[in-house]
Amino acid sequence: MRKLITVLAGIAAVLTSIDASAAVKVITTTEDLAALVSEIGGNKVTVESLAKGYQDPHFVEAKPSFIIKLHSADLLVVVGRELEIAWLPPLITQSRNGAIQPGGAGYLDASQTVRILDIPTGQITRAMGDVHPSGNPHYWLDPNNGRLMAKAIQNKLSDMSRADAAYFAQRYDDFDKRLAAAEQRWKAAMAPYKGLKVVTYHRSWPNFADAFGLDVIGYVEPKPGIPPSPAHTLDLQQEMKAKNVKILLVEPYFDLKTPNAISRDTGAKVLVMLPSVGGVKDVTSYIQLFDYDINLLVSTIKQTGTK
Ligand SMILES: [Zn+2]
């Protein structure tokens, strides 16, 4: 630990010697956030994500290098809604960076200005599984929430670097236009399948389903964050057969054993959908993420002949 502190002190000394007009140094928890920061920040920021897009964002292995990155960050952008609660808070504390502490000038919780689903009513108990008390944290999978997140990033960067506010505003407008054109394309591609019943592994897709007209009738996890159980899997298979569900969406970080067994029993197609930018190498932007998922979904729906 003493060695780490010495390293940190050394890094801090180097940092203070760098030109003050240098780019805003942004660290994000996820690659989706990093992609949106790049859209808005352009060459006025440097940005790096702690988690990779193919990792489960609830459970990221905390590395010492994360502390060093956080120590020298000007801005930390988080998903919030307790998505990162299992790994991020101690890293923020250990970073010894006052600016990026929750509520600090260099801290942005991207969930504050978006539409949040699944906000629990009534009391939350352990029996409910890993339920997020402040609502579903997978909100970035609705393009309109992506737009609102980009706006919040624009506002924050403009506060931090006033001289570049016009630059950030112009980049936001450009992103907004490209996103609107893409949304029309995605909605048109999904329009014939409105109300299509699907099952998903984790509760990652309520915003996506809402945006594109899917009906999620069940989950492979018996409760959020709880691994599949034989009894629940049997019930789910019966329901899928009764409702003729032919699509099963799985996030890339879950074991395919149970989904494949469900597929054999029900004839449903297992489809590894990406919840995040960076889920595969070629998906490097927010718009590419939806392009990838919607292309995959539409081509799989056509194969199943459900509609
Ligand atoms: Zn979750």
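Here's what I pulled together on the structure shown here. Values in this document were obtained by computation on a predicted structure and should not be read as measured data.

Positive phi values are uncommon outside glycine, yet Glu 82 reaches one of about 70 degrees. Relative to the helices and strands, Glu 82 is located in the loop between strand 3 (75-78) and helix 4 (88-94). Even without glycine at this site, Asp 118 takes up a positive phi of about 55 degrees. Inspection of the secondary structure assignment puts Asp 118 in the loop between strand 4 (107-109) and helix 5 (143-160).

Attention shifts here to the sheet that holds strand 4. The four strands are arranged 2-1-3-4 in an open sheet whose pairing can be described as parallel. Two strands in the sheet have a free side with no partner beyond their single neighbour: strand 2 (45-49) and strand 4. Averaged over neighbouring strand pairs, the angle between their axes works out to 20 degrees when direction is ignored. The pairing of strand 3 with strand 4 spans three bridges and is classified as parallel. Within strand 4, the position partnered with Val 77 by the bridge is Leu 108. Strands strand 1 (24-28), strand 2, strand 3 and strand 4 of the sheet are contacted by helix 5, whose axis makes an angle of about 165 degrees with strand 4.

Quick look at the environment of Val 245 now. Along the chain, Val 245 falls in the loop between helix 8 (230-242) and strand 7 (247-250). Among the residues examined, Val 245 registers a relative accessible area of 0% and is labelled buried. The spacing of Val 245 and Leu 196 is 49 residues in sequence and 8.3 Å in space, taken between C-alpha atoms. Apart from residues no more than four positions distant in its own chain, Val 245 is found in contact with Lys 197, Val 198, Val 199, Ile 217, Met 240 and Ala 268.

Cut-offs used in this document
- Residues numbered from 1 in each chain as written.
- Predicted model: local features only at pLDDT ≥ 70, side-chain atom pairs only at ≥ 80, totals over all residues.
- Heavy atoms only, no water.
- Helix = DSSP H or I, 4+ residues; strand = E, 2+ residues; numbered from the N terminus.
- Pairing = 2+ DSSP bridges.
- Axes fitted to C-alpha atoms, helices over the stretch in contact; angles between N-to-C directions.
- Contact = heavy atoms within 4.5 Å.
- Buried < 20%, exposed > 50% of the residue type's maximum accessible area, 1.4 Å probe, protein only.

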